[in-house]
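# Structural overview
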Amino acid sequence: MGIEYDGSAFHGWQVQDNQRTVQGQLERAIGRVADHRVRVHCAGRTDAGVHAVEQVIHFDTRAERSERSWILGTNVNLPPDVNVLWARPVNAGFHARFCATARHYLYRILSRPTRSSLLRNRAVWVHQALDLNAMRCAGSDLVGEHDFSSFRALGCQAKSPVRQVHYIGLERCREVLELRIGADGFLHHMVRNIAGVLIAIGCGDQPVSWVRELLRIRDRRHGGVTAPPQGLYFLRADYPEGFDLPQRALTVPLGIDTGQPNDNDG
């Protein structure tokens with residue numbers, strides 16, 4: 001299944017005792033359609049407050065239902081802040097996490113003197129003006145294969161800190177900056193830590209060369225502030241074409257609809 005959710009009222013993806021989680025809601029709803037308990041696996045677990053435009057999940061079932069029945073039946077049993085976009089049968093070799101070849105994230109930053117009531121759970125607010133060119137220059141140093149020890153949570157359990165970042169893009173849509181990043185995989189808090197570093201550079205608190213220095217020292221204790229979760233969106237995961245998943249394109253419009261053309265700064 002392809003899933004979208006507003007993470008504002010969830011205590012993250014993973015099932016936890018006495019907490020409202022995305023996985024918990026999905027397992028309850030899908031189980032009612034399947035008429036048996038199911039265990040749901042996702043492409044990438046998200047923290048509390050983080051959203052998803054198209055999370056991919058899989059589960060094993062002995063129930064036979066049409067794709068339409070899986071979608072409509074599950075959505076009827078879900079709360080309004082999580083929704084099934086599509087459903088597709090796959091062979092037993094598919095795994096939402098381990099078959100993914102890349103993952104893509106978006107981080108949204110509201111840069112203006114006053115906060116926003118409408119975007120309070122959709123973007124992180126920075127009251128200073130941000131130097132987009134400096135942020136782009138610094139971000140380019142992250143592209144490629146690197147040891148991202150300075151950009152992962154201290155409690156990250158990944159066996160290796162090495163990841164291959166395929167691209168980093170920054171665009172401005174009036175008052176909102178959108179940071180997009182794709183990689184073969186991400187460490188815990190890696191995107192939020194990258195966003196925190198780039199925001200500090202954009203504010204002028206750190207030089208553009210700070211990214212190169214952090215990659216060199218490989219020490220999270222020098223990596224600055226972890227950016228808040230509400231600006232983060234899981235966009236999608238990539239899979240081999242043979243699975244034939246009906247996924248959205250990466251160009252899902254998430255900017256504010258102002259009725260005016262974007263200021264893309266190049």
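Attention in this report is confined to the structure presented alongside it. Fair warning: this is a prediction, and the values are worked out from it, not measured in the lab. (Residues numbered from 1 in each chain as written. Predicted model: local features only at pLDDT ≥ 70, side-chain atom pairs only at ≥ 80, totals over all residues. Heavy atoms only, no water.)

A count of helices and strands for the chain gives five helices and ten strands. A compact globule built from 266 residues should have a C-alpha radius of gyration of about 18 Å, and the chain, at 19 Å, falls within 12% of that. Its C-alpha atoms put the chain at 55 × 45 × 40 Å along the principal axes. Per-residue burial for the chain yields a buried fraction of 50% across its 266 residues. (Helix = DSSP H or I, 4+ residues; strand = E, 2+ residues; numbered from the N terminus. Rg over C-alpha atoms; globule rule 2.2 N^0.38 Å. Buried < 20%, exposed > 50% of the residue type's maximum accessible area, 1.4 Å probe, protein only.)

So, about the packing of helix α3 (residues 132–140) against helix α4 (residues 190–202). It is the contact of α3 with α4, at a shortest axis distance of 8 Å, that shows an interaxial angle of 140 degrees. Here α4 runs oblique to α3, going by the angle between their axes. Crossing angle aside, the handedness with which α3 passes α4 is right-handed. Seen from α3, the contacting residues are A134, M135, A138 and G139; seen from α4, they are L198, I199, I201 and G202. When its residues are assigned to classes, the contact of α3 with α4 shows six nonpolar, two polar and no charged. (Axes fitted to C-alpha atoms, helices over the stretch in contact; angles between N-to-C directions. Parallel < 35°, antiparallel > 145°, perpendicular 65-115°, else oblique. Left-handed = near helix turned anticlockwise from the far one by under 90°. Contact = heavy atoms within 4.5 Å. Nonpolar A, V, L, I, M, F, W, Y, C, P; charged D, E, K, R; others polar.)

Attention now goes to the layout of surface pockets. In this model, the largest pocket occupies a volume close to 1,200 Å³. Around the largest pocket, the lining comprises 37 residues; the ones closest to its centre are G44, R45, R97, F186 and H188. Secondary-structure elements contributing two or more residues to the lining of the largest pocket are β2 (41–42), β5 (102–111) and α4. At three residues, the largest contribution of residues to the lining of the largest pocket is made by α4. For the lining of the largest pocket, the class distribution of residues is 15 nonpolar, 14 polar and eight charged. Considered as a void within the structure, the second largest pocket measures approximately 410 Å³ in volume. Of all the elements in the fold, those that place two or more residues in the lining of the second largest pocket are β3 (51–58) and α2 (67–76). Broken down by element, the residue count for the lining of the second largest pocket peaks at three residues, all from β3. (1 Å grid on protein atoms, 1.4 Å probe; cavity = no way out; pocket = protein on both sides within 12 Å on 5 of 7 lines; lining within 4 Å. Points joined across faces, edges and corners; volume = space filled by probe spheres on them.)

At a minimum axis separation of 10 Å, α4 and helix α5 (residues 210–217) run at an interaxial angle of 145 degrees. Contacts between α4 and α5 involve V197, L198, A200 and I201 from the first element and W210, V211 and L214 from the second. For the contact of α4 with α5, the class distribution of residues is seven nonpolar, no polar and no charged.

A few words now on the side chain of E54. Along the chain, E54 falls in strand β3. R236 is the oppositely charged side chain nearest to the buried, salt-bridge-free E54, at an N-O distance of 4.8 Å. Looking at E54, its side chain comes within polar contact range of the main-chain nitrogen of R248, at 3.0 Å. When neighbours within four sequence positions are excluded, E54 is seen to be in contact with I3, L85, W86, F234, L235, R236, P246, Q247 and R248. (Lys, Arg positive; Asp, Glu negative; His and termini not counted. Salt bridge = Lys/Arg side-chain N within 4 Å of Asp/Glu carboxyl O. Polar contact = N/O pair within 3.5 Å; in protein donor to acceptor, adjacent residues only side chain to side chain.)

So, about the pattern of salt bridges. In the structure shown here, the tally under the stated rule is 15 salt bridges. Between R180 and E178 there is a salt bridge, with its nearest N and O atoms 3.4 Å apart. Looking at E178, the relative accessible area reads 9%, which means it is buried. Each of E67, R88 and D244 takes part in salt bridges that share partners, so that together they form one network.

Bringing the packing of aromatic side chains into the picture now. For the structure on display, the rule yields seven aromatic pairs. With centroids separated by 5.4 Å and ring planes inclined at 65 degrees, the aromatic side chains of F59 and W70 adopt a geometry described as edge-to-face. In this pair, F59 sits in the loop between β3 and α2 while W70 sits in helix α2, placing the two residues eleven residues apart along the sequence. Comparing F59 with W70 shows no difference in burial state: the two are buried. (Phe/Tyr/Trp six-rings, centres within 6.5 Å; stacked < 30°, edge-to-face > 60°.)

Another point: the side chain of H36. Relative to the helices and strands, H36 is located in the loop between α1 (22–34) and β2. By relative accessible area, which is 12% here, H36 ends up buried. Those residues in contact with H36 that sit more than four places away from it in its chain are G31, D60, T61, R62 and A63.

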